[in-house]
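Survey of secondary and tertiary structure
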Amino acid sequence: QDVEADDSIWDLTRARLPWLFLGLIGGLGAAAIMGGFEEMIARHAILFFFTPLIAAMAGNVGVQSSAIIVQGLVNDDLKGSVGNRLIKEMLLALLNGVILAVGLLVFTWIWKGSFPTALAISISLIAVIVVAGVIGTFTPLFLHKRGIDPAIATGPFITTSNDIFGILIYFWIARFVLGI
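What comes next is a walk through the structure. (Residues numbered from 1 in each chain as written. Predicted model: local features only at pLDDT ≥ 70, side-chain atom pairs only at ≥ 80, totals over all residues. Heavy atoms only, no water.)

Check the secondary structure of the protein chain and you find 6 helices and 0 strands. Starting at the N terminus and ending at the C terminus, the protein chain contains elements arranged as α-α-α-α-α-α. For the C-alpha atoms alone, the extent of the protein chain along its principal axes is close to 55 × 35 × 20 Å. Out of the 180 residues in the protein chain, the part that is buried amounts to 40%. For the protein chain, the share of sequence-separated contacts (at least 6 apart) that also reach a separation of at least 24 residues comes to 78%. (Helix = DSSP H or I, 4+ residues; strand = E, 2+ residues; numbered from the N terminus. Buried < 20%, exposed > 50% of the residue type's maximum accessible area, 1.4 Å probe, protein only. Contact = heavy atoms within 4.5 Å.)

In structure tokens:
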């Protein structure tokens, strides 16, 4: 249901709590996924330190993408097909991801002196940003079509899905690049 800022605390809690609970479940899922890569993290502890960065960047990209879509839904000015919007967002995310990843690659390589590790982290950042952009674009459109208020549900849904997918993608790519 739609809620307004002036609604009662109880009404606001009923509208928000299910999505926050989803976020809690997602965070537990992300922790469990990381547990599956425990041996790799033990061998390459530096990967652990970049986990918050990967998750935060995914969250930031997802929120930016979704904010534009939610604003377009509210103003009723979304034009074009969903497919074209997703392609545009993927290209935007790819460009932003590559630019950010180059900076991250140079920093990590200089800081830690390991090009393969810097490359694994940087490639992961690109992939996670692209996935987050797609999720951030698609989610509010999907929720709106299902009659769920995207202003309430999009943020927690994006954060949760980006945490899970982002962590999984990050460690999969690191495993592949580092040959673990």
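Before going further, it helps to examine the layout of surface pockets. Size it by volume and the largest pocket reaches roughly 280 Å³. Around the largest pocket sit 15 residues that line it, and Gln 64, Ser 65, Ile 68, Glu 89 and Leu 92 are the ones nearest its centre. Of all elements in the fold, only helix H3 (46-75), helix H4 (82-112) and helix H5 (115-145) reach the threshold of two or more residues within the lining of the largest pocket. A per-element tally of the lining of the largest pocket places H4 first, with 7 residues. Within the lining of the largest pocket, the residues separate by chemical class into 7 nonpolar, 5 polar and 3 charged. (1 Å grid on protein atoms, 1.4 Å probe; cavity = no way out; pocket = protein on both sides within 12 Å on 5 of 7 lines; lining within 4 Å. Points joined across faces, edges and corners; volume = space filled by probe spheres on them. Nonpolar A, V, L, I, M, F, W, Y, C, P; charged D, E, K, R; others polar.)

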